[in-house]
Amino acid sequence: MEQAYPHRAPHLRRMAIETTLILCKPDAVSRGLIGEIVSRIERRGYVISAMRMMQLDGARARTHYAEHAGKPFFDDLVSFITSGPLVALAVEGENAIDGCRQLIGATHPLQAAPGTLRADLAQSIGRNLAHGSDRPESAQRELGIFFKDSDYVSRRHDLERWIKD
Ligand code: DAT
Ligand code: MG
């Protein structure tokens, strides 16, 4: 079998460890659901390697959501995401990008599977509680908007200890 990570300990060499950007959006902060979101991420076994509460300005919000520029909902999206504080998290784990998207659920809460964050706790597409990067290129780009290298701590030992392939 191909060994994607030859520098790692044997049991970790085939793991696709990824880092993804998760946002607890302003509705989640306002509703007191930061802990609920963080808890679901942690219980899944992912680890947080950077974390920050902040309020986005319009320029940074437009950069974050650049792929949606020009769409009819873009202005509302920018005004919502800048409307109050949010919590940004860098989350690591095996296939963390798809795994976090799975636990957040489909964009519209009505289409999200029961048991997901959006199905359990949200009603509308415009107030859907959390953001998760959708692919490695997005994760890298989006993490760069919220964190600089020195913001990260190493969670390597926690990953090695608790996450098995
Ligand atoms: P996701 O957040 O699931 O990655 P997305 O990237 O397609 O979804 O859209 C980003 C956000 O924009 C989404 O969380 C909510 C908002 N949004 C998307 N489609 C929308 C629509 N048709 N009407 C209103 N808001 C929308
Ligand atoms: Mg998206």
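Provided above is the structure to which this section pertains.
Since we're looking at a predicted model, the values are computed, not measured. (Residues numbered from 1 in each chain as written. Chains lettered and ligands numbered in written order. Predicted model: local features only at pLDDT ≥ 70, side-chain atom pairs only at ≥ 80, totals over all residues. Heavy atoms only, no water.)

K.L.:
Please provide a residue-by-residue account of unusual backbone geometry, values included.
P.N.:
We note that N95 has phi near 50°; this positive angle belongs to a residue other than glycine. With respect to the element layout, N95 can be found in the loop between β3 (86-94) and α5 (96-104). A relative accessible area of 36% places N95 in the partly exposed class. One non-glycine residue, L129, adopts positive backbone phi at about 75°. Summarising the element assignment, L129 is placed in the loop between α6 (117-121) and β4 (130-132). (Helix = DSSP H or I, 4+ residues; strand = E, 2+ residues; numbered from the N terminus. Buried < 20%, exposed > 50% of the residue type's maximum accessible area, 1.4 Å probe, protein only.)

K.L.:
Would you mind going over the pattern of salt bridges in detail, with residue names and values included?
P.N.:
Scanning all chains against the criterion turns up seven salt bridges. Close ionic contact of E160 with R156 constitutes a salt bridge, the shortest N to O distance being 3.1 Å. Taken as a pair, E160 and R156 lie in helix α8 (residues 156-162) at a separation of four residues, close to a single helical turn. We classify E160 as partly exposed; its relative accessible area is 21%. Taken together, the shared-partner salt bridges in this structure form one network comprising E36, R40 and D120. (Salt bridge = Lys/Arg side-chain N within 4 Å of Asp/Glu carboxyl O.)

K.L.:
Account for the environment of H68, naming residues and giving values.
P.N.:
In this fold, H68 is placed in the loop between α3 (58-64) and α4 (74-81). Accessibility expressed as a relative area gives 18% for H68, which makes it buried. Excluding residues that lie within four positions of it along the chain, H68 makes contacts with F73, F74 and L77. For H68, the side chain forms a polar contact with the side chain of K71, separated by 2.9 Å. (Contact = heavy atoms within 4.5 Å. Polar contact = N/O pair within 3.5 Å; in protein donor to acceptor, adjacent residues only side chain to side chain.)

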